[in-house]
Amino acid sequence: MAAVLQDSFQVELFDAPLGAEIIGLDLNRPLPQREFQRIHKAHLDHHLLVFRDQRIKPQQQVDFSRRFGPLQIHVLRNFQLPSHPEVLIISNIIENGKPLGLGDAGHFWHSDLSYKEKPSLGSMLHAQELPLEGGDTLFANMHLAYDTLPAALRHAVQGARAEHSYLAQYEELRRRSPFRPALTQAQIDEVKPVVHPVVRTHPETGRKALFVSEHFTTRIVGVPEDESRALLDELFAHSVKPEHVYRHRWAPHDLVFWDNRSLMHLAGGTPEHLRRKLYRTTIEGDVPF
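These numbers come from a predicted model, not from an experiment.

1. Section: the side chain of Thr281
Alright, step 1. Here Thr281 is to be found in strand S19 (residues 277-284).
Alright, step 2. At a separation of 3.2 Å, a polar atom in the side chain of Thr281 contacts the side chain of Gln61.
Alright, step 3. Setting aside residues no more than four positions away along its own chain, Thr281 makes contact with Gln61, Val62, Ser65, Glu86, Val87, Gly122, Ser123 and Met124.

2. Quick word on the sheet that holds strand S10 (residues 137-141)
Alright, step 1. Taken together, the three strands give an open sheet; going across it, the order is S16-S10-S18, and neighbouring strands pair in antiparallel fashion. Taken across any chain shown, the strands that pair with only one partner, and hence form the sheet edges, are strand S16 (245-248) and strand S18 (263-267). On average, each strand axis in the sheet is inclined to that of its neighbour by 20°, with strand direction left out of account.
Alright, step 2. The sheet contact formed by S10 and S18 spans five bridges and is antiparallel. Looking at the pairing, Phe139 lines up with His265 of S18.

3. A closer look at the environment of Asp136
Alright, step 1. Within the fold, Asp136 resides in the loop between strand S9 (120-129) and S10.
Alright, step 2. For Asp136, a relative accessible area of 14% translates into the label buried.
Alright, step 3. Put simply, Asp136 and Arg249 are 113 residues apart on the chain and 4.9 Å apart in space, counted from C-alpha to C-alpha.
Alright, step 4. In contact with Asp136, other than residues within four places in its own chain, are Arg247, His248, Arg249, Trp250, Leu266, Ala267, Gly268 and Gly269.
Alright, step 5. Here Arg247 takes part through its side chain, which lies 3.1 Å from a polar atom of the side chain of Asp136.

4. Some words on the confidence of the model for the chain
Alright, step 1. This prediction gives the chain a mean pLDDT of 94; 98% of its residues lie at or above 70.
Alright, step 2. Residue range residues 2-6 is modelled with pLDDT below 50. Its contacts to residues more than four positions away, or to other chains, number 11 contacts.

5. Examining helix H1 (residues 33-46)
Alright, step 1. The first and last C-alpha atoms of H1 sit 20 Å apart over 14 residues, in line with the 20 Å expected at 1.5 Å per residue.
Alright, step 2. Among all positions of H1, only Glu35, Phe36, Ile39, Ala42, His43, Leu44 and His46 are buried.
Alright, step 3. Among the structural elements, strand S2 (9-13), strand S3 (20-23), strand S4 (48-51), helix H2 (58-66) and strand S17 (255-259) are those in contact with the buried residues of H1.
Alright, step 4. Positioned one or two residues after H1, His47 has a phi angle of 75°, which is positive.

6. What to know about the side chain of Ser111
Alright, step 1. One can find Ser111 in the loop between strand S8 (98-99) and S9.
Alright, step 2. The class of Ser111 is buried, set by a relative accessible area of 5%.
Alright, step 3. With residues near it in sequence (within four places) discarded, Ser111 still touches Phe211, Ser213, Phe216, Asn260, Leu263 and Met264.

7. Focus: the pattern of salt bridges
Alright, step 1. Within the structure shown, the criterion is met by 21 salt bridges.
Alright, step 2. A salt bridge links Glu172 to Arg176; the nearest nitrogen and oxygen atoms lie 2.6 Å apart. With Glu172 and Arg176 both in helix H5 (residues 170-176) and four residues apart, the pair spans about one turn of that helix.
Alright, step 3. The exposure class assigned to Arg176 is partly exposed, which follows from its relative accessible area of 44%.
Alright, step 4. A single salt-bridge network, built from bridges that share partners, covers Glu21, Arg52 and Asp254.

8. Notes on unusual backbone geometry
Alright, step 1. A positive phi angle is found at Asp53, which is not glycine, with a value near 50°.
Alright, step 2. Looking at the element boundaries, Asp53 is found in the loop between S4 and H2.
Alright, step 3. Positive phi values are uncommon outside glycine, yet His253 reaches one of about 70°.
Alright, step 4. Residue class for His253 comes out partly exposed when judged on its relative accessible area of 24%.

What counts and how
- Residues numbered from 1 in each chain as written.
- Predicted model: local features only at pLDDT ≥ 70, side-chain atom pairs only at ≥ 80, totals over all residues.
- Heavy atoms only, no water.
- Helix = DSSP H or I, 4+ residues; strand = E, 2+ residues; numbered from the N terminus.
- Polar contact = N/O pair within 3.5 Å; in protein donor to acceptor, adjacent residues only side chain to side chain.
- Contact = heavy atoms within 4.5 Å.
- Pairing = 2+ DSSP bridges.
- Axes fitted to C-alpha atoms, helices over the stretch in contact; angles between N-to-C directions.
- Buried < 20%, exposed > 50% of the residue type's maximum accessible area, 1.4 Å probe, protein only.
- pLDDT = per-residue confidence, 0-100.
- Expected span 1.5 Å × (residues − 1).
- Salt bridge = Lys/Arg side-chain N within 4 Å of Asp/Glu carboxyl O.

Written out as structure tokens, the structure is:
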């Protein structure tokens, strides 16, 4: 790994297609604007940052997240942290016959909230309780995926637009998990399908990235269903080739901050008998273009 010295902390790049570790920063202490700007730049450069051993409270996570933009509230409000509605509990723990949090989050590759008119800029996930084995999270670099598209695929996606829907895999997830709740009509109305470019431009860096996922993308607009499905399947398979992917193996109190405009992610899975709990905050982004 290469280390880049930054006044009060280091940015240590991973030997991977994305990601860096922030060394020597304690988010319990006030973060001057100059240091925040360095973190912001590192996030844009590397798409994912890992802050190790951050023993912070939920309010501190919310405050740090909010420095990047307004926060988004997930439609499944029953899995909010009661004292902080901005925090979504990601957990497989069952207490008194009820799930503590969303246990099957990340079952399919996706970019958080791509089904919203303004999808997520980024997400922060803070480890609270980790299993002794499993529980990894995989991230795929969608800039690399676009840059390495075969010529025919690159031509096929130019100017294309795709529909994203929160409901795309919802019933399949409910079939697999007895704890995923049925949606009310009000919740369904809150997540009406949206259409975004298949190739989006990062609003801060100008880089192109694929912006489709097996979890939320339902179809290419204006293309016959069979052609749409074949094209999406090709794009999904290409996006998550091993050379595009970083696997994060969680350590206690890790805080991971990734760019949903640049990456997709996938939960690697946790053995059912082992407990896992993390807190997620999600930052609102822009309308993709």
